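# Architecture and fold: a report
This is what each chain is made of:
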Amino acid sequence: MFRTLRNLITGLVIGLLLGLWFGVNIGKDQPWWSNPFAEPEVGEQLKRTGDQLRERGADIIRGE
């Protein structure tokens with residue numbers, strides 16, 4: 001009984017930690033297995049900023 005309960009709790013904790021790891025990476029548009037605490041490289045930051053500017057400019061031109 002105790003062994004089964006311990007295995008269940010261990011599985012839940014591991015699943016929670018992995019889900020949090022993957023969820024943070026998905027939210028940041030990074031690969032699932034990457035480090036969620038790592039700072040993006042300068043080139044990656046510039047690319048994202050450029051993409052955001054392009055999208056905002058397109059929205060302004062369309063009048064949204």
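Below is a summary of the structure that appears in this document. (Residues numbered from 1 in each chain as written. Predicted model: local features only at pLDDT ≥ 70, side-chain atom pairs only at ≥ 80, totals over all residues. Heavy atoms only, no water.)

### Here's the deal with the overall build of the protein
- Looking only at helices and strands, the protein has two helices and zero strands in total.
- Taking 2.2 N^0.38 as the reference for a compact globule, 64 residues should give roughly 11 Å; the C-alpha atoms of the protein span a radius of gyration of 20 Å, well beyond that estimate.
- Each of the 64 residues in the protein was classed as buried or not, and the buried ones make up 6%.
- When the accessible surface of the protein is totalled, it reaches about 5900 Å², and 67% of it is carbon and sulfur.
- One finds the centroid of the 8 positive side-chain charges in the protein at a distance of 11 Å from the centroid of its 8 negative side-chain charges. (Helix = DSSP H or I, 4+ residues; strand = E, 2+ residues; numbered from the N terminus. Rg over C-alpha atoms; globule rule 2.2 N^0.38 Å. Buried < 20%, exposed > 50% of the residue type's maximum accessible area, 1.4 Å probe, protein only. Areas by Shrake-Rupley, 256 points an atom, 1.4 Å probe, with all protein chains shown as cover. Lys, Arg positive; Asp, Glu negative; His and termini not counted. Charge placed at Lys NZ, Arg CZ, Asp CG, Glu CD.)

### Overview of helix H2 (residues 42-62)
- Taking 1.5 Å per residue, 21 residues should reach 30 Å; H2 reaches 30 Å between its end C-alpha atoms and fits that length.
- After H2 finishes, the residue Gly 63 shows a positive phi value of roughly 85°. (Expected span 1.5 Å × (residues − 1).)

### Some points on the environment of Phe 22
- Structurally, Phe 22 is set in helix H1 (residues 2-27).
- For the pair Phe 22 and Phe 2, spaced 20 residues apart in sequence, the C-alpha to C-alpha distance is 30 Å.

### Comments concerning the pattern of salt bridges
- Taken as a whole, this structure holds two salt bridges when the rule is applied.
- Among the salt bridges present, the one from Asp 51 reaches Arg 54, with a minimum N-O distance of 3.5 Å. Taken as a pair, Asp 51 and Arg 54 lie in helix H2 at a separation of three residues, close to a single helical turn.
- Given a relative accessible area of 55%, Arg 54 falls into the exposed group.
- Among the salt bridges present, the one from Arg 62 reaches Asp 59, with a minimum N-O distance of 2.7 Å. Remark: Asp 59 and Arg 62 occur in helix H2; sequence separation between them is three residues, near one turn of the helix. (Salt bridge = Lys/Arg side-chain N within 4 Å of Asp/Glu carboxyl O.)

### Describing a nonpolar patch on the surface
- A grouping of Ile 14, Leu 18, Trp 21, Phe 22, Ile 26, Trp 32, Trp 33 and Phe 37 is seen on the molecular surface, where their side chains present a nonpolar patch of about 950 Å² in accessible area.
- Here Trp 21 shows up in helix H1. (Patch = residues over 30% accessible without salt bridge, like charges linked within 9 Å, V, L, I, M, F, W, Y side chains within 5 Å.)

### Here we look at H1
- Taking 1.5 Å per residue as the helical rise, H1 with its 26 residues ought to reach 38 Å, and the 37 Å between its terminal C-alpha atoms agrees with that figure.
- Where H1 terminates, the next one or two residues include Asp 29, which has phi positive at roughly 55°.

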